[in-house]
Every structure is written in C-alpha cells, then in structure tokens.
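Each chain, written out:
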Amino acid sequence: MIPIVQPTLHDFEAVIAEFRQAWESGQITTGVFTRRFEAAVAEKLQVPHAVMVQSCTAGMMLVLRALELKGEVILPAFTWTSTAHAVVWNGLTPVFADITPGSYTLDPQAVAQAVSTRTAAIMPVNVFGCPPDYEDFAQIAQDNRVPLVYDSAQGLGSRFKGKDGAWHYSGRFGAAEVFSMSPTKVVSAIEGGLITLHDAELAGKLRQMRDYGKTPDGEDIAWLGLSARIPEINAIVARYNFLQMDNLTARRRHLMAAYRESLGRLSGVRYQETPSNCESSGNYFTLFIGAGARASRDEAYEYLKKRGIQAKKYFYPALHLQKVHQEAGRPYRGKLPVTEAAAAGGLALPLYSHLTEEVIQQVSSVVKKILE
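Along each chain, residues carry numbers from 1 onward, in the same order as the chain's sequence is written. Where local features are concerned, this predicted model is filtered to residues with pLDDT of at least 70; where side-chain atom pairs are given and counted, the filter is 80 or more; whole-chain, interface and lining totals use all residues. Water and hydrogen atoms play no part in the side-chain values, which are based on all heavy atoms of the structure.

As for the sheet that holds strand E6 (residues 159-161)
In sheet architecture, strand pairing relies on hydrogen bonds along the backbone and comes in two forms, parallel and antiparallel. Pairing is antiparallel across the open sheet formed by three strands, whose spatial order is E7-E6-E11. Both outer strands of the open sheet, strand E7 (167-169) and strand E11 (278-279), are each paired with one neighbouring strand and no more. If DSSP finds at least two bridges between two strands, the strands pair. Strands are runs of DSSP state E lasting at least 2 residues, helices are runs of H or I lasting at least 4, and numbering of each runs from the N terminus.

And the structure:
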C-alpha cells in the first residue's frame, strides 16, 4: 500500500538528548521546551504570541470561548468537520457560505452576503495549504465589526502577498489563526495544535484556558477551559520539524508540480488553483473530478484502492450534508453549488515531504489508466 500521508520527522538522534532532558527534569508537559517552540514560531512568523495546545480542534474551541462570542459564525462547508465542531461546542450557530471555484477557499462575496446582525465571527479556512484572501476578509470584518478566526489547520508554512507587495507567513492575520501539527500535516508534532495572535491579553487568557482556566498561581479557576496542555516530547518534535518548515513546504510544492506534469491534462479533471498572491504549504494534492471525466471520483477511488494506492475523498461529505449537522445544514442543501461539486469530486492523492518522484510516476500511471 502506498499511504496517502506519512509524517516527515526529524532525525531521532537529534531529538533524543532533549527527550531525556525533559524526561529527567520531571516537568514533562507545557514546560521549557513548549516555551522554546512558541518563541521560535513567534520569531519566524513575525507574530507577537504563539500558544501551543493539544490539537487544532482544542485551539479553535478555546479561541472562540475566549472571545466570549454569542450568535452565528460564518464558515465554509468545504472543510474538515472540526471547524464546525468548535463552533457548535461553544453554543454558536454555524452559517455556511459557498467557496471560490479554483482555490476552493471561502468566497468573500458569499460571506459579505451572509453577514447579519447575528454574526459573531467569520471563520475562513486554509484549504489543502492554500490561504484564503486575508485582505478581503479583513475589510469585511472591519466593516461589520466582527472578529476573524482562521482555521489554518493545513496552513503552517503557507504565505500571502499583501497589496504592499510584501510576503507574510500565515499566522499574522485576524484575531487568531489556529494550526494543526498532527501526523498528516507538513510540520508535525506527532500530535499538537498552535494558536498565533497579536493580543497579549487574549494570549494570556488562552494560556490559562489550555490548563482548565487556572489562575496564574494555580489556586483558583478563572475561565472555563480544557485540559489542552502539550507534552514536552511533542513540543521538542514540533520545534525540530518547524526549523525545517521552508524546506518541507518547498519540497511539497516541487512534488505537486511533478504530479501536474506527470498527469497532464485529463478530461473533466481540475487541480486546485493557488492565487498568484498565495504560496501553498502543500499539505494535500487534490484532483477534482467532474462532468466529462472518464470515470467518477468514487470509481477512481476504488480503482486506486484495489491497486494498493491510498487516496481520500476530501472534503467529503460537505459539512452541511453530514449527519451530525443535518438540522443546521438542512436550509443549505442545493444552495452551495461550488461546495457540493467540490465535495463530490475531490480526491487527494499520496503526498508527503519524503515522497519520491518514482512513486509519483507510479501513482500517476494508475490514475491515468482510469481517467485518461
């Protein structure tokens, strides 16, 4: 089996000394190595505060709680389920807006039309490593006086070019951005999440909330929080892999280009388009198989599976079509055409930073047999 993802981890011999140091210190969670990783992130991404947590999902749950929101949150239905889970867990109502053809990120125009007096926040998503339009969303948020919380789970290492002509890493935008460092991500901590933000007071609150909401002296509970502390071993892995972030993302973009060259033009098949002012982290390489294709997405998925190639229907089903969101999603059925087409056609192929071009040729050969 050729797996769809594998974590690319730093050399074990390089981290074992710090593993032992953490082990012998007795402070094995949220200690010096966690703070060291957070400092490295803040310096690299040029953002004042970075808060490491147990997962991206926990991070989004905590940010929405810390902002003390009430009402509705606008988000795409073309995303992983945790985006809406974080909203619903906080007693907020998800409002689904359609996505932009090509990039498949949340459509700013659709969001502008969905904003109402009940809107408490807007939650755009980094899709497969492609950032949303940060500047357009900043303007919408400013015009409507609502915060932006970015689900950037797949986006660590992605970049955005502003109207000033400068390139910036994702992590500098909105009230907060929340990243994942699970085994499926470009920068893995084995498991982990990361919140980046500008507001010192909010950062301090989140640090308390990742530890149940304890007061700084630990003698009382100030906020409703979670047990979202991070083991020091995860923080050590995160920092070593984070130091390789630029190399990892560059390698993935190279592999994505190799896929495109190898596959060529396939009737009825589209690739994700990264806007010229964005640079993808390369988290996933996804085909979108639609009308005019020689086989359906599901047929291609089964064909690959039978030949030992793991693929993923991604993101499928769209959130408003999932059983868990069936009541909230009922009004949106058939009203999010780009989302529903993308969810019906998306097929992610194997991609990880140490994947070889020989494997890409092998996968591409099988894909072309069913789709060419």
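Section: the packing of helix H2 (residues 32-45) against helix H8 (residues 232-242)
Look at H2 against H8: their axes get within 8 Å of each other, and the N-to-C directions meet at 30°. Accordingly, the angle class assigned to the pair H2 and H8 is roughly parallel. Handedness of the crossing formed by H2 with H8: left-handed. Residues Val32, Phe33, Thr34, Arg36, Phe37, Ala40, Val41, Lys44 and Leu45 of H2 pack against Glu232, Ala235, Ile236, Ala238, Arg239 and Phe242 of H8. Structural elements are reduced to axes, namely lines fitted to C-alpha atoms, with helices fitted over the stretch in contact, and the angle between N-to-C directions of any two is expressed from 0 to 180 degrees. An angle counts as roughly parallel when it lies under 35 degrees, as roughly antiparallel when it exceeds 145, as roughly perpendicular when it falls between 65 and 115, and as oblique in every other case. Should the near helix be turned anticlockwise from the far one by less than a right angle, the crossing is termed left-handed; should it be turned clockwise, right-handed. Any pair of residues with heavy atoms lying within 4.5 Å of one another is described as a contacting pair.

Topic: the sheet that holds strand E13 (residues 312-313)
If you trace the four strands from one edge of the open sheet to the other, you get E10-E12-E14-E13, paired in antiparallel fashion. The open sheet has two free edges, formed respectively by strand E10 (269-271) and E13, since each of these has just one partner strand. One ladder, built from two bridges, connects E13 with strand E14 (residues 346-349); its direction is antiparallel. Bridge pairing in E14 links Lys313 to Leu347. Contacts from helix H9 (residues 245-263) reach E10, strand E12 (285-289) and E14, with the element oriented near 35° to E12. Sheet strands in contact with helix H13 (residues 357-371) are E10, E12 and E14, and its direction is about 5° off that of E12.

Considerations on the pattern of salt bridges
Salt bridges are identified by distance alone: a Lys or Arg side-chain nitrogen within 4 Å of an Asp or Glu carboxyl oxygen. Across all of its chains, the model carries 16 salt bridges by this definition. The closest approach of N and O atoms between Arg20 and Glu24, which form a salt bridge, is 3.7 Å. Of the two residues, Arg20 and Glu24 are both situated in helix H1 (residues 12-25); the distance of four residues between them amounts to about one turn of the helix. Residue classification places Glu24 among the exposed positions, given a relative accessible area of 57%. One continuous salt-bridge network, built from bridges that share partners, spans Glu18, Arg36 and Arg239. Each residue is placed in one exposure class: buried if its accessible area under a 1.4 Å probe, protein chains only, is under 20% of its type's maximum, exposed if it is over 50%, and partly exposed if it falls in between.

Quick word on the environment of Leu321
The residue Leu321 is located in the loop between E13 and helix H11 (326-329) in this model. With a relative accessible area of 33%, Leu321 lands in the partly exposed category. In this structure the C-alpha to C-alpha distance between Leu321 and Ala77, which are 244 residues apart in sequence, comes to 8.6 Å. If near-sequence neighbours (up to four positions away) are discounted, Leu321 is found in contact with Arg333 and Glu340.

Here we look at the packing of aromatic side chains
The criterion for an aromatic pair is that two Phe, Tyr or Trp rings (for Trp, the six-membered ring) have centres within 6.5 Å, with stacked assigned to planes under 30 degrees apart, edge-to-face to planes over 60 apart and tilted to the rest. Under the definition given, this model contains 20 aromatic pairs. For the pair Phe78 and Tyr104, a centre-to-centre distance of 6.3 Å together with 50° between the ring planes defines the contact as tilted. Of the two residues, Phe78 sits in the loop between strand E2 (72-76) and helix H4 (82-89) while Tyr104 sits in the loop between strand E3 (93-97) and helix H5 (108-114), which places them 26 residues apart along the sequence. Centroid distance Tyr314 to Phe315: 4.4 Å. Interplanar angle 45°. Geometry classified as tilted. The burial state of Tyr314 is the same as that of Phe315; both residues are buried.

What to know about the pairing of strand E8 (residues 176-180)
Counting buried positions along E8 yields five of five residues, so the element is predominantly enclosed. Of the two faces of E8, the one holding Ala176, Val178 and Ser180 and the one holding Glu177 and Phe179 are both buried throughout. In this sheet, E8 lies alongside strand E5 (residues 149-151) in parallel orientation, the contact comprising three bridges. Considered in E8, the bridge of Asp151 is made with Val178. In terms of strand pairing, E8 meets strand E9 (residues 193-197) through four bridges, oriented antiparallel. Pairing of Phe179 across the sheet is with Leu194, part of E9.

Regarding a nonpolar patch on the surface
For patches, a residue must show more than 30% relative accessible area and have no salt bridge; joins then use 9 Å for like charges and 5 Å for nonpolar side chains, namely Val, Leu, Ile, Met, Phe, Trp and Tyr. In this description, accessible areas are obtained by the Shrake-Rupley approach with a 1.4 Å probe, and a residue is regarded as covered only by the protein chains that are shown. A cluster of nonpolar side chains, namely Leu9, Trp23, Ile190 and Ile233, defines an oily patch on the protein surface of about 430 Å² accessible area. Within the fold, Ile233 resides in helix H8. Overall, the relative accessible area of 32% leaves Ile233 in the partly exposed class.

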